[in-house]
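Chain by chain, the residues:
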There are 2 protein chains.
Amino acid sequence: MAAPSLPTPRVIHVDTRGAVILSEESPETRDSRGIYLPNYIEPVSHIAVDIGGSLAKVVYFTRSPEPPNSPSIAATRGSSTASSLSTPAQGSPLDEHPPSSFSLSPPALLSSSHPRQNGALTPLVLESHAYNGNGYSNGDKSPKPRKCSNDNTDVSLLDADLLHSTILRRASQNSTPRHFPGGSLNFERFETDDIDACVSFIEALIARSARANNVSIEEMRRGVKIMATGGGAHRFYELFSGTLGVEVRREDEMECLIEGLKFITMIPEEAYYFSDELIHSTKGVSGSGSGSTAGIVLERPSPDPPKYAVTFEEEPSPQLPCLLVNIGSGVSIIRVDADGTFERVSGTSLGGGTLWGLLSLLTPATSFDEMLDLSEKGDNAFVDMLVGDIYGQDYSKLGLKSTMIASSFGKVFKKGGTRGKFKAEDISRSLLYAISNNIGQIAYMNAEKYHLDRIYFGGCFIRGHAATITTLSYAIRFWSKGTKRALFLRHEGFLGSIGAWIKNIDSEETVSPASL
Amino acid sequence: MAAPSLPTPRVIHVDTRGAVILSEESPETRDSRGIYLPNYIEPVSHIAVDIGGSLAKVVYFTRSPEPPNSPSIAATRGSSTASSLSTPAQGSPLDEHPPSSFSLSPPALLSSSHPRQNGALTPLVLESHAYNGNGYSNGDKSPKPRKCSNDNTDVSLLDADLLHSTILRRASQNSTPRHFPGGSLNFERFETDDIDACVSFIEALIARSARANNVSIEEMRRGVKIMATGGGAHRFYELFSGTLGVEVRREDEMECLIEGLKFITMIPEEAYYFSDELIHSTKGVSGSGSGSTAGIVLERPSPDPPKYAVTFEEEPSPQLPCLLVNIGSGVSIIRVDADGTFERVSGTSLGGGTLWGLLSLLTPATSFDEMLDLSEKGDNAFVDMLVGDIYGQDYSKLGLKSTMIASSFGKVFKKGGTRGKFKAEDISRSLLYAISNNIGQIAYMNAEKYHLDRIYFGGCFIRGHAATITTLSYAIRFWSKGTKRALFLRHEGFLGSIGAWIKNIDSEETVSPASL
């Protein structure tokens, strides 16, 4: 494996005080909700693009003095049961809205069609003449939404008074000046196969921003940089730089993942895990063999999994050292030391692309969300060979229970090719378990090898899906006998793009409101 | 995981001097060739049955003073190239005969139909009156094949003189008396779903043996024991004991696997591996990153894999400590210490059953051999997402080459469900690689964890198939940077049944020819 790279530990120059994750604007955007940063201004607009094997992820920052519609209220804490996993709790990653679909169906709640058009790029470099430290160029000292022709921020706010007082209260708590430029990190996704749509989107963003800032396209372009990462940063470099006419910088994928991880874990209510609080309330069998938490033998995931609670990380900061398992089309496993140095130590080719590919041929599903929906209704016992099927009883001596999976898909093959009828739901669940359990096992083994207790899962594979999170959590807990913890991220798919966005901030002259 | 079990180290009371693996009698029996043990006699007949999730493996010993037809000549040594992998070299596990098929097509070379009827059970307990130390009850002092009604050993021998002198020469080398009772270990397989066929076979074997020994069935049964292992030993206990009317003992599966491994590795030309001799003759790229043997970066398996040589273990003895990876429907990973103590430390549910199940639904193949045939013609690059597809170049910094698989099956899913046409051959190769690479990776990680350099692969999954052996060998070599070795066994599927057969030998009074 490569020698560890040694990036200089960075001070994050993005002011994350008062950061708030916005509630989703539509079902499609559940896992790409904007993050409102009330204290940050961009000197130069960075548009970050992380182009992977299947998806291109885009991050950019838009200005608005007040948060856009419906800021998130504190998310669910420790109250999810299996039934409430289907109940929308605002901000809960496990609410009932289906995860964003790959298909670009128009969202119901926005007046404009997807992709969203949130605000405009308003880098300070364009505004040095407009902003005089006391308000906006219109002379008004109180914060007002900037009027942009395509800006949704001037849609009437729900409960505007409550909103305004909330913002002011948070601001006073953080000792920031009453006027805060602020703005939102916005997140978008595109199919890599349809990269032109991504390019067009950025092109439109730049054009819209030029109009909003009353500058020419050429001048706007001078205030914009594209930070590109992922494999596609190389593959599509010419396409981006040639079409958009802006500076394009290529950033190392692993470095961006790690920078993104360190940044995103500083946002409150970003990282979460399944607590073990409720395990003790399940009908535990006093354990033998597998030596689990409090002596209770942990059951394998089944159609009726034990009830877990979603718990958010109490201290939103990068918990280093840690292992990052980035699950996209394939899987990269990166170890991160306490000082932030990192090394890609492993990976597996059995990733999201494998599951999506198999299910696209084995089921009628045409999107990953449909596949996840199918799996929720399935019972893998019809498709998998369980320990009980082979032994007729527990293989207790080895810590194996009869409900454990001995052979994934092991019931499917019949001699002579008699193809039994297998339900798409059962197939989906079986393969979801197979891929997730396998990733969990390999992740665990690497965590053990490098003496790491915290395992963050990133990438577009999980999508807040309950069964996947449960399976990964359980695999880590099972193999580690409860000593290691799986952590999940609400912006899991955007680590690379966030990292690309972040990476160059401190090379720019930064501006904080206090200095204005 | 369970605490290690501590079996008493056993002296193997089976006399393996002069053991010879017989050449295959038919294509179907390539990986279940008999083992001729010229110096062994059974006091009591043991029939061992290892009943797994998919297959029931049977081992039994039959007497004959001379080896049956066509004993194996010394098998191929280090001479296989890709083209010769399809050339039959006598005794080579990689000859052109297709591996045994699950389908029970009649073999071409035997007069009787499969399953074979090799000899009869002739435990000494029945013959104490017949055998007088100087020959057989017919008073003849020279070894003769016993005449049994269904015995094939009296088919005319090929080159009988050469055969006879070979046997005598080996005998003199081993200082054994000129008359040697000897006999063969026989191997059979049945589908677990068709366990009745297995029971019937044993029933017929017992009946045939009673006739051959001129005793009643009841007396014959008293000279026979069934040693049952695997999950089915529990599931089918009543079936076996009730139907066959003989004593049935259940033996622990893991113990049997290890006993079987220790025994079988004492048979010459049983264990083999792919040597690295020919690697240096491939067009090596001077390595960076992955630090492989002699600085050459090891290529991922591709449609044109590097040419390896099959090399047999020079010292046929159990090479302990070691890791045993038993690949059946599922996979068990067992570590064996230098003193023979062992512990099941890991496993994976992504095993043979997974591959067979997936390919049975995704291809027209109706048997595992058809699946392997398909894979040999396929190119996984049409189905897998390679590093080069994502990056357009090597990701050299991480030791990844553009031909490496980033996402297995990663090209298959297309948004909106447009299902491209994918060839069965390419699908088969992709999934064979995915499952094999994954097993290799997990095996490697466990070998590393327990500081083991030798990894034996057992189970019915490999079946001497070149691509599978190559993939597993390569995975171990890649991950270990050439420091660990994958070893394969010609009777890989019969470790458990051999172990069950062996396990109780020393509890019986043993008889060696010298004492007669």
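Source: prediction; values computed, not measured.

K.L.:
Would you explain the overall build of chain A in this entry?
P.N.:
Scanning chain A from terminus to terminus reveals 13 helices and 16 strands. A sequence separation of at least 24 residues applies to 75% of the contacts in chain A between residues at least 6 apart. When the accessible surface of chain A is summed, it comes to about 18700 Å², and 51% of that surface belongs to carbon and sulfur atoms.

K.L.:
I'm lost on the domain arrangement of chain A in this one. Help?
P.N.:
By a widespread convention, an interface's size corresponds to the accessible area lost as its parts come together. Residues and elements named next belong to chain A. Segmenting chain A into domains produces domain 1 (20–68 + 179–257 + 499–507) and domain 2 (271–280 + 298–489). The interface is formed by ten residues belonging to domain 1 together with twelve residues belonging to domain 2. Between domain 1 and domain 2 the total buried area reaches about 830 Å² when both faces are included, carbon and sulfur atoms providing 63% of it. Linking domain 1 with domain 2 are zero salt bridges, by the criterion used here.

K.L.:
Can you help me understand the relation of the copies chain B and chain A in this one?
P.N.:
Relating one copy of the chain to the other takes a rotation about an axis and a shift parallel to that axis. Of the transformation superimposing chain B on chain A, the axial component is 0.0 Å and the angular component is 180°, with the fit at an RMSD of 0.0 Å. The two molecules are tied by a two-fold rotation axis, judged by turn and shift. Most of the interface of chain B is mirrored in chain A, where 99% of its interface residues again form contacts.

K.L.:
Would you take a moment to explain the nonpolar core for this structure?
P.N.:
If you look at soluble globular proteins, the nonpolar side chains tend to sit buried side by side. With 154 residues, the main nonpolar core has A:Val325, A:Phe457, B:Val325 and B:Phe457 as its most contacted residues. With sequence-adjacent residues up to four places away left out, A:Val325 is seen in contact with A:Val331, A:Ser332, A:Ile333, A:Ile439, A:Ala443, A:Ile455, A:Tyr456, A:Phe457 and A:Gly458. Residues A:Met227, A:Met254, A:Ile258 and A:Val336 belong to the second largest nonpolar core, which totals 35 residues.

K.L.:
What am I meant to see in the interface of chain B and chain A here?
P.N.:
Taken residue by residue, the interface counts 79 residues in chain B and 79 residues in chain A. Summed over both sides, the interface of chain B with chain A buries roughly 6200 Å², with 60% coming from carbon and sulfur. There are two salt bridges connecting chain B and chain A. Among the salt bridges present, the one from A:Glu448 reaches B:Lys449, with a minimum N-O distance of 2.9 Å. Connecting chain B to chain A are 17 residue pairs in polar contact (both at pLDDT 80 or more).

K.L.:
Please explain the packing of aromatic side chains as it appears in this structure.
P.N.:
All names here are of chain A. For the structure shown, the criterion picks out 24 aromatic pairs over all chains. An aromatic cluster is built from Tyr444, Tyr474, Phe478 and Trp479, whose rings are joined through pairwise contacts. For the cation-ring pair, arginine 250 lies above tyrosine 237, with the distance from its terminal atom to the ring centre recorded as 3.7 Å.

K.L.:
Explain the environment of A:Tyr272 here, please?
P.N.:
Mapping A:Tyr272 onto the fold places it in strand β8 (residues 271–275). Considering only alpha carbons, one finds A:Tyr272 and A:Leu324, 52 residues apart in sequence, at a separation of 14 Å.

K.L.:
So what exactly am I meant to see when it comes to helix α3 (residues 195–213) of chain A here?
P.N.:
Every α-helical turn comprises 3.6 residues, leaving residues that sit three or four positions apart pointing alike. All names here are of chain A. Along its 19 residues, α3 runs 27 Å from first to last C-alpha, staying within 8% of the 27 Å computed at 1.5 Å per residue. Here α3 has its buried residues at Ile195, Cys198, Val199, Phe201, Ile202, Leu205, Ile206, Arg208, Ser209, Ala210, Ala212 and Asn213. Remark: asparagine 214 follows α3 within two positions and exhibits a positive phi of approximately 55°.

K.L.:
How should I be thinking about the pairing of strand β16 (residues 485–489) of chain B in this particular structure?
P.N.:
Residues in a regular strand point their side chains to alternate faces of the sheet. Residue and element names in this part refer to chain B. When you tally the buried positions in β16, you get four out of five residues, the bulk of the element. In the sheet, strand β8 (residues 271–275) pairs with β16 via two bridges, with the strands oriented antiparallel. Paired with tyrosine 272 across the two strands is phenylalanine 488, which belongs to β16. As paired elements, strand β15 (residues 454–458) and β16 share four bridges and run parallel to each other. Across the sheet, arginine 454 pairs through a bridge with arginine 485, a residue of β16.

K.L.:
Even after reading the chapter, I still don't get the environment of B:Ala500, so can you show me in this structure?
P.N.:
Residues and elements named next belong to chain B. Tracing the backbone through its elements, the reader meets alanine 500 in helix α13 (residues 495–503). In sequence terms alanine 500 and alanine 48 are 452 residues apart; their C-alpha atoms lie 5.6 Å from each other. With residues near it in sequence (within four places) discarded, alanine 500 still touches Ala48, Met227, Thr229 and Cys256.

K.L.:
Help me out: how do you make sense of the confidence of the model for chain A in this one?
P.N.:
Low pLDDT means the predicted coordinates in that region are not meant to be read closely. Residues and elements named next belong to chain A. Per-residue confidence for chain A gives a mean pLDDT of 71; residues scoring 70 or more make up 61%. Mean pLDDT across the elements of chain A ranges from a minimum in helix α2 (residues 160–173), with 41, to a maximum in helix α11 (residues 424–449), with 97. Ignoring residues within four places in sequence, the model shows residues 1–13, a span with pLDDT below 50, making 29 contacts including any to other chains. When the criterion is pLDDT under 50, residues 302–306 qualifies, and its contacts beyond four places in sequence or with other chains add up to six contacts. Of the two predicted TM-score estimates for the complex, the pTM is 0.73 and the ipTM is 0.73.

K.L.:
Just checking my understanding: could you explain unusual backbone geometry for this structure?
P.N.:
Most peptide bonds adopt trans geometry, and most residues besides glycine take a negative phi value. Residues and elements named next belong to chain A. Between leucine 320 and the following residue, proline 321, the backbone shows a cis peptide bond with an omega angle of -5°. Checked against the element boundaries, proline 321 lands in the loop between β9 (309–312) and β10 (322–327). The backbone of glutamate 269 sits at a positive phi, close to 65°, despite the residue not being glycine. Residue position: glutamate 269 is located in the loop between α7 (253–264) and β8.

K.L.:
Even after reading the chapter, I still don't get the pattern of salt bridges, so can you show me in this structure?
P.N.:
One pass over the full model with this rule turns up 20 salt bridges over all chains. Across the salt bridge formed by A:Glu343 and A:Arg335, the nearest N and O atoms sit 3.3 Å from each other. Salt-bridge contacts for B:Asp369 lead to B:Arg463; the nearest nitrogen and oxygen are separated by 3.1 Å. With B:Asp369 in helix α9 (residues 368–377) and B:Arg463 in the loop between β15 and α12 (466–480), the pair connects residues that are 94 residues apart, well separated along the chain. A relative accessible area of 0% means that B:Arg463 is categorised as buried. Here the salt bridges share partners, and the residues they tie into one network are A:Arg249, A:Glu251, A:Glu255 and A:Lys503.

K.L.:
I'm lost on α9(B) in this one. Help?
P.N.:
The set of residues buried in α9(B) consists of B:Phe368, B:Asp369, B:Met371, B:Leu372, B:Leu374 and B:Ser375. At its buried positions, α9(B) is contacted by α8 (352–362), α11 (424–449) and α12 of chain B.

K.L.:
Sorry, what's going on with the side chain of B:Thr62 here?
P.N.:
Relative to the elements of secondary structure, B:Thr62 occurs in strand β4 (residues 55–63). Within the local environment of B:Thr62, its side chain forms a polar contact with the side chain of B:Asn186, the two groups lying 2.9 Å apart.

K.L.:
Where do I start with the packing of α8(B) against α11(B) in this structure?
P.N.:
Residue and element names in this part refer to chain B. One way to put it is that α8 packs onto α11 with a least axis distance of 10 Å and a crossing angle of 165°. Compared by their axis directions, α8 and α11 come out roughly antiparallel. Judged by the twist between their axes, the crossing of α8 over α11 is right-handed. Of the residues in α11, those touching α8 at Thr354, Leu355, Leu358, Leu359 and Leu362 are Ile427, Ser428, Leu431, Leu432 and Ile435. In terms of residue class, the contact of α8 with α11 is made up of eight nonpolar, two polar and no charged.

K.L.:
Even after reading the chapter, I still don't get the environment of A:Tyr474, so can you show me in this structure?
P.N.:
All names here are of chain A. One can find tyrosine 474 in helix α12 (residues 466–480). Tyrosine 474 sits in the buried class, given a relative accessible area of 2%. Through-space distance from the C-alpha of tyrosine 474 to that of glycine 340 is 27 Å; in sequence the pair is 134 residues apart.

K.L.:
Which parts of the structure should I look at to understand the side chain of B:Arg344?
P.N.:
Residue and element names in this part refer to chain B. Within the secondary structure, arginine 344 is located in strand β12 (residues 342–348). Despite being buried, arginine 344 has no salt bridge partner; glutamate 253 is the closest side chain of opposite charge, sitting 7.5 Å away. Side chain to side chain, arginine 344 and serine 332 meet in a polar contact 3.2 Å long.

Quick notes on the rules
Residues numbered from 1 in each chain as written. Chains lettered and ligands numbered in written order. Predicted model: local features only at pLDDT ≥ 70, side-chain atom pairs only at ≥ 80, totals over all residues. Heavy atoms only, no water. Helix = DSSP H or I, 4+ residues; strand = E, 2+ residues; numbered from the N terminus. Contact = heavy atoms within 4.5 Å. Areas by Shrake-Rupley, 256 points an atom, 1.4 Å probe, with all protein chains shown as cover. Domains from an automatic or database assignment. Buried area = accessible area lost by both parts, 1.4 Å probe. Salt bridge = Lys/Arg side-chain N within 4 Å of Asp/Glu carboxyl O. Least-squares fit on C-alpha atoms with pLDDT ≥ 70 in both. Core = buried A, V, L, I, M, F, W, Y, C linked by side-chain atoms within 4.5 Å. Buried < 20%, exposed > 50% of the residue type's maximum accessible area, 1.4 Å probe, protein only. Polar contact = N/O pair within 3.5 Å; in protein donor to acceptor, adjacent residues only side chain to side chain. Phe/Tyr/Trp six-rings, centres within 6.5 Å; stacked < 30°, edge-to-face > 60°. Lys NZ or Arg CZ within 6 Å of the ring centre and 35° of its normal. Expected span 1.5 Å × (residues − 1). Pairing = 2+ DSSP bridges. pLDDT = per-residue confidence, 0-100. Axes fitted to C-alpha atoms, helices over the stretch in contact; angles between N-to-C directions. Parallel < 35°, antiparallel > 145°, perpendicular 65-115°, else oblique. Left-handed = near helix turned anticlockwise from the far one by under 90°. Nonpolar A, V, L, I, M, F, W, Y, C, P; charged D, E, K, R; others polar. Lys, Arg positive; Asp, Glu negative; His and termini not counted.

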